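# Structural description and commentary
Below are the chains, spelled out letter by letter.
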Amino acid sequence: MSYSANLRLDVGQETELPVFIGSEGERALDIDKLRAGTGLVTLDESFGNTASCRSAITYLHGEKGILRYRGYPIEELAEKSRFVEVAYLLMYGDLPTSGQLEDFSSILNSSSLIHEDMRHFFLAFPNNAHPMSLLTTMVASLSAFYPVPENPSDEDEAQIIANLVSQVRTIAAFSYKKFIGEPVVYPSYKLRFVENFLNMMFSSPVSNYQQDQDIVKAIEAFLIVHADHEQNCSTSAVRIAGSSLANVYAVISAGISALWGRRHGGANQEVIAMLKTIQHSGDDGRLFLEAAKSKKTRLMGFGHRIYKTFDPRALIMKKLCHRILGKPGMSDPMFDIAMRLEEAALSDDYFLSRNLYPNVDFYSGLILKAAGIPFDMFTVLFAIGRTPGWLAHWREMRHDAGNRIARPRQIYIGPGLRSYIPVGTREKHSVGVMRRTSTKISRIPEKYLDHPDPGDEAPESV
Ligand code: ACO
């Protein structure tokens, strides 16, 4: 059945807009002909009501807490599959057969080294450079070493995908080694994707890294739950940059740059900072909750732009925390604080009435911490996980015959026409810059701090 909506304007104009219905029944007003028919455009700052594309990759339902990749529930994928399988699924639409998985793993393995000359780039960065600054730069630099044909064939495309999925991981580990001043460890054909990463991170010429299969499984699950989340900030950055037909390595670097911000990929670090602060303050969490309720701070890892119930990824991460942190010698008092905070928040009307539930970040940082991943690498791990998702969207877009360059419109609110005034004759004019006020929210209440927090806007959902 097809639907349409009638738009009646008070200037006596009326226009009919078709309603597009997605495969899960989501409805969208198709405004493609709106400007041509009425002269109007839509104004939707931060795109809260705008579907920017049709996509067959990921389905999420915020009210019901559903997340599916290509139709498969995230819970099943996180429990039963491996990251490499999920990467294949996102990219090509179906779970791989054993032969396809073998071929995919083999091309990932053969593509996992970066050009040896690129290793010298790491030397030029300052020792304390943030690993995300290295990652974004090095991924863009891959474009110089791995030229992309103007119209990549299917084979070229498969090679590009393998390069990026594999090399982002290698660069991430090399960046960490640079950060701690140790020699890089090369990927090994003997190890699987996650084991390889952990080995590149934690083994050295003087120590052998012992793999713990529970940690391996937890990192697999971490990467899987972060692998795609439809049109979030970084994926939108990838689609917008990719729509200009820019070099794919530069396109993925744009995604990494967008992810870097604490409103996006940086939120799991904020949760650990919050838990640490509570732990050191001696507060049982109640004071922090009160500070969050009186808007002095936010309960990090709670709330989501799309999910208005439990983020399904948070439930997966919490279960894994129980599994990992319940092992002898692995307990972490921060996990107890997190669970107490969750329990108190979910019996408090402030949080319930606003549909504020734990999001993926509430527990994921604890998993990374348990695996020994340093704080500054948290967002890098997110980037490794999200790379297949970005590539799947890039691939979907390039195979969409109707794809055009992304070019949003704006509503101009600056000065009207005025004439140029020669420099010597200009009076002191007030600068006509429009400023929007934004609420600055301290990430951590001052009560908890030895020094005042400069404050920042809270991270947003991704
Ligand atoms: N703690 C306390 N109050 C909150 C929180 C929170 N974490 N989140 C929202 N609120 C309150 C707001 O103050 C507002 O209250 P009001 O109605 O009295 O004004 C109400 O809930 C709605 O908040 P909005 O900011 O409008 O909700 P929105 O959906 O736009 O924001 C966001 C979602 C940004 C994620 C928010 O919940 C938040 O800041 N959470 C903490 C940061 C965080 O965990 N980010 C990670 C998100 S998931 C991810 O990155 C993978």
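Bear in mind the structure is a predicted one, so any value in this text is a computation, not a measurement. Along each chain, residue indices are assigned from 1 in the same order as the chain's sequence is written. Local features in a predicted model are, by the rule used here, given only for residues with pLDDT of at least 70; side-chain atom pairs are given and counted only at 80 or more, and totals for whole chains, interfaces and linings are based on all residues. Each side-chain value is derived from all of the structure's non-hydrogen atoms; neither hydrogens nor water enter the calculation.

This next bit is on the overall build of the protein. When its secondary structure is counted, the protein shows 18 helices and six strands. Relative to the compact-globule value of 23 Å for 462 residues, the protein shows a C-alpha radius of gyration of 24 Å, a close match. The principal-axis extent of the C-alpha atoms belonging to the protein is close to 75 × 65 × 60 Å. Accessibility here uses a 1.4 Å probe with only protein chains present; expressed as a share of the type maximum, an area under 20% marks a residue as buried, one over 50% as exposed, and anything in between as partly exposed. Burial analysis of the protein (462 residues in total) assigns 46% to the buried set. The helix count covers DSSP runs of H or I at least four residues long, the strand count covers runs of E at least two residues long, and both are numbered beginning at the N terminus. We compute the radius of gyration from the C-alpha atoms alone; for a globule the expected value is 2.2 Å times N to the 0.38, where N is the number of residues.

Segmenting the protein into domains produces domain 1 (3–66), domain 2 (73–414) and domain 3 (425–462). Taking the mean C-alpha position of each, domain 2 and domain 3 sit 28 Å from one another. Those domain boundaries reflect an automatic or database domain assignment.

This brings us to the sheet that holds strand β5 (residues 66–69). With antiparallel pairing, the three strands of this open sheet are ordered in space as β4-β5-β6. In this open sheet, the two edge strands, each paired with only one partner strand, are β4 (58–61) and β6 (72–73). Both β5 and β6 contribute to a ladder of two bridges, which runs antiparallel. Across the sheet, the residue bridging to Tyr 69 is Tyr 72, located in β6. A strand pair is defined by DSSP finding two or more bridges across the two strands.

On to the sheet that holds strand β1 (residues 3–8), then. Judged by pairing direction, the sheet is antiparallel, and its three strands sit side by side in the order β1-β2-β3 without closing on themselves. Since the sheet does not close on itself, it has two edges, and those belong to β1 and β3 (27–29), each with one partner. Averaged over all neighbouring strand pairs, the angle between strand axes comes to 30°, with direction disregarded. The sheet contact formed by β1 and strand β2 (residues 14–21) spans six bridges and is antiparallel. Each bridged residue has a counterpart across the sheet, and for Leu 7 the counterpart in β2 is Thr 15. Note on geometry: axes are C-alpha line fits, over the in-contact stretch for helices, and angles between N-to-C directions span 0 to 180 degrees.

With that out of the way, let us pick up the nonpolar core. The tendency in soluble globular proteins is for nonpolar side chains to be buried side by side. We call a set of buried residues a nonpolar core when its members are Ala, Val, Leu, Ile, Met, Phe, Trp, Tyr or Cys and they connect through side-chain atoms within 4.5 Å of each other. Core analysis: the biggest nonpolar cluster contains 111 residues, and Tyr 69, Leu 164, Met 274, Leu 299, Met 317, Leu 366 and Ile 373 have the highest contact counts within it. Tallying contributions element by element places helix α7 (residues 154–180) first for this core, with 11 residues. Contact between two residues is taken to exist if any of their heavy atoms lie within 4.5 Å; hydrogens are not considered. Met 274 has contacts with Phe 288, Arg 298, Leu 299, Met 300, Leu 341 and Phe 362, leaving out every residue within four places of it along the chain.

With that settled, consider the pattern of salt bridges. By convention in these notes, a salt bridge is any Lys or Arg side-chain nitrogen within 4 Å of a carboxyl oxygen on Asp or Glu. Considering all chains together, one arrives at 18 salt bridges under this definition. The partner of Arg 119 in a salt bridge is Glu 116, and the shortest N-O contact between them spans 2.7 Å. Here Arg 119 pairs with Glu 116, and both are found in helix α5 (residues 116–124), just three residues apart, close to one helical turn. For the salt bridge of Asp 348 with Lys 293, the shortest nitrogen-to-oxygen distance reads 2.6 Å.

Moving on, we get to the site of the ligand. Surveying the vicinity of the ligand reveals 26 residues, the closest of which are Lys 295, Leu 299, Gly 301, Phe 302 and Tyr 350. Within the side chain of Tyr 350, an N or O atom sits 2.8 Å from a nitrogen atom of the ligand. Each polar contact in these results corresponds to two N or O atoms within 3.5 Å; when the atoms are within protein, one needs to be able to donate a hydrogen and the other to accept it, and residues that are neighboring in sequence are counted only if both atoms are side-chain atoms. In the environment of the ligand, an oxygen atom lies 2.9 Å from a nitrogen or oxygen atom belonging to the side chain of Asp 361. Values of accessible area rely on a 1.4 Å probe in the Shrake-Rupley scheme; residue burial ignores everything except the protein chains shown. Considering the ligand on its own, with 910 Å² of exposed area, one finds that the protein chains cover 79% of that surface. Its residues assigned to classes, the shell around the ligand comprises 12 nonpolar, six polar and eight charged. Any residue with a non-hydrogen atom lying within 4 Å of a molecule or strand is treated as near it. The classification used treats Ala, Val, Leu, Ile, Met, Phe, Trp, Tyr, Cys and Pro as nonpolar, Asp, Glu, Lys and Arg as charged, and all other residues, Gly among them, as polar.

Stacked, tilted and edge-to-face pairs are distinguished by plane angle, under 30 degrees for stacked and over 60 for edge-to-face with tilted covering the rest, among Phe, Tyr and Trp rings (Trp via its six-membered ring) whose centres lie within 6.5 Å. Summed over all chains, the structure comprises 17 aromatic pairs. The interplanar angle of 75° and the centroid separation of 5.9 Å between the aromatic rings of Phe 302 and Phe 351 together place this pair among those described as edge-to-face. With Phe 302 in the loop between α13 (286–293) and α14 (312–325) and Phe 351 in helix α16 (residues 349–353), this pair connects stretches of sequence that are 49 residues apart. Relative accessible area serves as the criterion here: at 10%, Phe 302 is assigned to the buried category. We classify Phe 351 as buried; its relative accessible area is 2%. Each ring, one from Phe 335 and one from Tyr 363, has its centre 5.9 Å from the other, and the planes form 80°; the classification is edge-to-face. One end of the pair, Phe 335, is in helix α15 (residues 333–345); the other, Tyr 363, is in helix α17 (residues 361–370), with 28 residues separating them in the sequence. Each member of the pair, Phe 335 together with Tyr 363, is buried. An aromatic cluster is built from Phe 302, Phe 335, Tyr 350, Phe 351, Phe 362 and Tyr 363, whose rings are joined through pairwise contacts. If you follow Arg 54 out to its NZ or CZ, it ends over the ring of Phe 20, 4.1 Å from the centre. Each ring is checked for a lysine NZ or an arginine CZ that lies within 6 Å of its centre and within 35 degrees of its normal; such an atom marks a charge sitting over the ring. The positively charged end of Arg 169 is found above the aromatic ring belonging to Phe 193, 4.4 Å away from the centroid.

Turning our attention to the environment of Leu 191. Position of Leu 191 relative to the elements: it lies in the loop between α7 and α8 (193–202). The partly exposed category is assigned to Leu 191, whose relative accessible area is 29%. Measuring from C-alpha to C-alpha, the distance between Leu 191 and Asn 109 comes to 9.1 Å, with 82 residues separating the pair along the chain. Setting aside chain neighbours within four positions, we find Leu 191 in contact with Asn 196 and Asn 199.

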